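# Summary of structural features
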Amino acid sequence: MSRLNKDIDSAFHGVGTKSGLEIWCIYNNQLISISKSSFGKFHSGNAYLVLRTFLRKIESPQYDIHYWLGNDANEVDLVLASDKALELDAALGCCTVQYREVQGQETEKFLSYFKPCIIPVEGKFSPKTGLVGETYQVILLRCKGDHVVRVKEVPFLRSSLNHDDVFILDTASKVFLFAGCNSSTQEKAKALEVVEYIKDNKHDGRCEVATIEDGKFSGDSDSGEFWSFFGGYAPIPKLSSSTTQEQTQTTCAELFWIDTKGNLHPTGTSSLDKDMLEKNKCYMLDCYSEVFVWMGRATSLTERKTSISSSEEFLRKEGRWTTTSLVLLTEGLENARFRSFFSKWPQTVESSLYNEGREKVAAMFKQKGYDVDELPDEEDEPLYTNCRDTLKVWRVDGDEVSILSIPDQTKLFSGDCYIVQYKYTYNERTEHLLYVWIGCESIQQDRADAITNASAIVGSTKGESVLCHIYQGDEPSRFFPMFQSLVVFKGGLSRRYKMFLAEKENEMEEYNENKASLFRVEGTSPRNMQAIQVNLAATSLNSSYSYILQYGASAFTWIGKLSSDSDHDVLDRMLYFLDTSCQPIYIREGNEPDTFWDLLGGKSEYPKEREMRKQIEEPHLFTCSCSSGNDVLKVKEIYNFVQDDLTTEDVLLLDCQSEVYVWIGLNSNIKSKQEALTLGLKFLEMDILEEGLTVRTPLYVVTEGHEPPFFTRFFEWVPEKANMHGNSFERKLASLKGKKTSTKRSSGSQWRPQSKDNASRDLQSRSVSSNGSERGVSPCSSEKLSRLSSTEDMTSSSNSTSVVKKLFSESLLVDPSDGLARQESSSKSDISNQNPVGGINRDLSSLESLTYSYKQLRVDSQEPVSNIDATRREAYLTEKEFEERFGMAKSEFYALPKWKQNKLKISLHLF
């Protein structure tokens, strides 16, 4: 909210309430609002104020203020622009980052707001005419930059041309692009975007476009016409006239504190620490190529104005007014670049922000008349696959890589490394996902061998596989549905691990079915369930999860206070995958018997606060390079990125906080997938945004043309662009000259997950038919459940849901004595509404009216019946035959706990 007072300009009323840009021009000592149609047009005789607002889902809004200073602006306007930027900051609650932008030396962040470019206009702004004395004339523009284009008008002379840059000659009927022989392909491609901008905005799309290559005068009409504007063709001198050199960022910095009179006082130390910054003072950090002014929260508006004026005067005296970036920061809003100069800068995370935000939204819904007890968790990201395609799993054992059988694919060990290949169909194309899964207790040599062998598999798919490097415990959410049900045991089977274990003399815990074992149960549905073995200790518990504690033929199921109903459902289902013969004792957190704690080695403290998932607020795209013989990775951020920033000559890094992607252009210099993985790991180690990245963060390697949908969701994706041929310049030129094809953009938000309903429809449209798909593993593919497959194939298409979904549906009746929330509530549908049989909803009595023989109802029957509920086969038995088989009446049977019901049904081949 704006906080207006007598010191705040009325032009700032209501600012910052919507995402996007707001721009003002200083005219006659006043702020004039600029219409959106004029965004990107800056007059060299004026100063401007630009506000960029980004409204985030959970955290407070992010504001960036830029004050742009034209080369011909007078001193009064320059000072006023700086003051107005501070007033705007105050109007927004002193929570902005401010940037001084000098014409011709603008920051890339500022230029990214006005794609493809800004072209400063000579003269002064006028609210009536827009430009005093503006007339059309032939102009020559110089373009520099491969991702953000810096455009500058240069004298219309032959001597302005050089071999290093790209030039645009704008004439009344034709726009020429002249590419210096030393200019890069990316620079030429970006310059073509400027040509297109000029054509559309200055010529209404009705002019011709011609490209001229430096040193290749072929006598064609376009070349002849271009050179005729310069008095005829003549070679350009070899000596480059381009003098601008990219400044390298220095790691040296000098800190000054600024007194109330504007005097600078050096701190006299090169070892910087956050504790040196006092909240009632302002400081200047001089990093030569950039200068930061840090303003404490307790400082006044007058003190801030004085500190900024002193810093600007410092740059003038040093002769760095136009070459040095000036960034103004308020305490608590320091960017990663500023923090990097301090050896000690503690990370502070306000965990309460997420819950506070959810509470406010819930309150808003209640105010509108909705009964909201608690908001649901954030929507899960769409799976993008039908999770029933081909899965292959290899275990790495030194130089040997052995493929696992289908039953063993759902059993991983924390002491081993695995290669998981998943082949799926998306948009009528076969795609490959290849995961290198690193067990948390695996040996380093096995990890290296796993990466080497995965690279070989990528090579066998001709580079079409998406490679992902993941660690146990940090897997992305899309990893588990491929298995549908997965158990991760402690211990390992590799020779190196066994040798390591022998050296430890059995100090490390391993899974042993004859000893007690503790499993944390996770998952969201029958197609996404995991049981992860954890240390047999009370400290392994967490109130957000449910657990299974196995001991001999029995088991405790422990339900955390913060776990959900879906967690409890998954707990029941997962119990039978671990061991269908165990007899569980259900206990809730806080009601544990002494036996439970004895098995865990005694009662002790464990986490009791809700675990919150990390939210992706704003992904960041970086260019990356690593010079030969130098292990230092150089990265540069591309702000406000779009799909066109994925230039085919580059290797780029997309940082999504919870996972990182290395994107490899087809025409990049990178040699292999393994090198790309190395680049990504170096980026994780750098963690330049200080957001908690580690080498354990999931890391994907993606090749151009084979981008998976969970990558493209961060862009407004046009598939045709990803499948074009040629380098970036050739692609842009083909598009500009009218060779565009009709495109269909992705719907919805650029990168936020879709709703569950949309995801469900998406999956249905992408799924492969049951006859055409292969599946290496599914929950029903284990040996315990394989007998059900034949019966499933014979059911009608109207009842063709997966066996697992049927197998673990709720029982016909609930246990009235069970205190674990097993009683039916009004919020749950009656059993008769959940089980369509033959297309008609039937209640229990209706089920019993349809009777079949025990021989027909067995899961291994040679004469199976169709159109029945496969999870309630016993309900179709007559009362007499039921008592003969089960030794009790139906009412007695349904009074038993579900685990006992299922155990009896399994023994009679009815489950």
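Please read these numbers as outputs of a predicted model, since none were measured by experiment.

Calculation rules
- Residues numbered from 1 in each chain as written.
- Predicted model: local features only at pLDDT ≥ 70, side-chain atom pairs only at ≥ 80, totals over all residues.
- Heavy atoms only, no water.
- Salt bridge = Lys/Arg side-chain N within 4 Å of Asp/Glu carboxyl O.
- Helix = DSSP H or I, 4+ residues; strand = E, 2+ residues; numbered from the N terminus.
- Buried < 20%, exposed > 50% of the residue type's maximum accessible area, 1.4 Å probe, protein only.
- Pairing = 2+ DSSP bridges.
- Axes fitted to C-alpha atoms, helices over the stretch in contact; angles between N-to-C directions.
- Contact = heavy atoms within 4.5 Å.
- Arc of directions from axis to C-beta.
- Parallel < 35°, antiparallel > 145°, perpendicular 65-115°, else oblique.
- Left-handed = near helix turned anticlockwise from the far one by under 90°.
- Nonpolar A, V, L, I, M, F, W, Y, C, P; charged D, E, K, R; others polar.
- Phe/Tyr/Trp six-rings, centres within 6.5 Å; stacked < 30°, edge-to-face > 60°.
- Lys NZ or Arg CZ within 6 Å of the ring centre and 35° of its normal.

### A few points about the pattern of salt bridges
Within this structure, the stated rule accounts for 38 salt bridges. For R696, the salt bridge is made with D474, and the minimal N-O distance between the two is 2.8 Å. Taken together, the residues span a long stretch of sequence, with R696 in the loop between α12 (673-686) and β34 (699-703) and D474 in the loop between β23 (465-471) and β24 (485-489) at a distance of 222 residues. Residue class for D474 comes out partly exposed when judged on its relative accessible area of 31%. Salt-bridge contacts for R713 lead to E659; the nearest nitrogen and oxygen are separated by 4.0 Å. Here R713, found in the loop between α13 (709-712) and α14 (719-722), pairs with E659, found in the loop between β32 (651-655) and β33 (660-664); they are 54 residues apart in sequence, far enough to count as distant. For the residue pair R713 and E659, the accessibility class agrees, reading buried in each case. A network of salt bridges, in which partner residues are shared, links K115, K190, E193, D644, D645, K721 and K732.

### Let's talk about the sheet that holds strand β1 (residues 20-27)
A sheet is described by the order of its strands in space; here 10 strands give the open sequence β2-β1-β3-β4-β5-β17-β16-β15-β13-β14, paired in mixed fashion. Among the strands making up the open sheet, the edge pair consists of β2 (30-33) and β14 (264-266). Strand-to-strand twist of the sheet, defined as the mean angle between neighbouring strand axes without regard to direction, takes the value 25°. Judged from the seven bridges that link them, strand β4 (residues 62-69) and strand β5 (residues 96-102) form a sheet pairing that is parallel. The partner of W68 across the bridge, within β5, is E101. The strands touched by helix α1 (residues 75-91) within the sheet are β1, β2, β3 (47-54), β4, β5, β16 (290-295) and β17 (325-330), with β4 carrying the most contacts at an inclination of about 170°.

### Quick word on helix α4 (residues 221-228)
For α4, every residue scored as buried is listed here: S223, F226 and W227. The buried residues of α4 occupy an angular sector of 90° when projected down its axis, which confines them to one face. Contacts made by the buried residues of α4 are with β10 (166-170), β11 (174-179) and β12 (208-213).

### Considerations on the sheet that holds strand β29 (residues 583-588)
Ordered by their spatial adjacency, seven strands build an open sheet running β20-β24-β26-β25-β27-β28-β29, and the pairing between neighbours is mixed. Each of the sheet's edge strands pairs with one partner strand only, and the pair in question is β20 (411-413) and β29. Ignoring strand direction, the axes of neighbouring strands in this sheet form an average angle of 20°.

### Describing the packing of α1 against helix α5 (residues 301-317)
Angle between the axes and distance between the axes are the two parameters that describe a pair of packed helices. Where α1 contacts α5, the axes come no closer than 10 Å and their chain directions differ by 140°. It follows from the interaxial angle that α1 and α5 lie oblique. The two elements α1 and α5 cross, and the hand of that crossing is right-handed. Contact with α1, carried on its side by E75, S82, D83, L86, E87 and D89, involves L301, R304, K305, I308, E312 and R316 of α5 and no other residues of that element. Tallied by class, residues from the contact of α1 with α5 come to three nonpolar, one polar and eight charged.

### Concerning the packing of aromatic side chains
Summed over the entire model, instances satisfying the criterion amount to 54 aromatic pairs. Between Y48 and W68, the aromatic rings sit 5.7 Å apart at their centres with planes inclined by 70°, giving edge-to-face as the arrangement. Of the two residues, Y48 is situated in strand β3 and W68 in strand β4; the sequence distance between them amounts to 20 residues. The two residues Y48 and W68 agree in class, both being buried. Here the guanidinium or amino end of K188 rests over the ring plane of F729, the centre of that ring lying 5.2 Å away.

### Section: unusual backbone geometry
With an omega of 10°, the peptide bond running from K115 to P116 counts as cis. Mapped onto the fold, P116 is located in the loop between α2 (108-111) and β6 (125-126). Phi angles above zero are rare outside glycine, and N29 is one such case at about 65°. In this fold, N29 is placed in the loop between β1 and β2. Here C94, not a glycine, exhibits a phi torsion of approximately 55°, which is positive. Checked against the element boundaries, C94 lands in the loop between α1 and β5. What makes C94 buried here is its relative accessible area of 18%.

### Points about the pairing of strand β27 (residues 546-551)
Each regular strand shows side chains that alternate between the opposite faces of the sheet. The buried fraction of β27 amounts to five of the six residues, a majority that puts the element mostly inside the structure. Bridge count for strand β25 (residues 517-525) against β27 is five bridges, and the pairing is antiparallel. Bridge pairing in β27 places R520 opposite Y547. Two elements, β27 and strand β28 (residues 554-559), share six bridges in a ladder whose sense is antiparallel.

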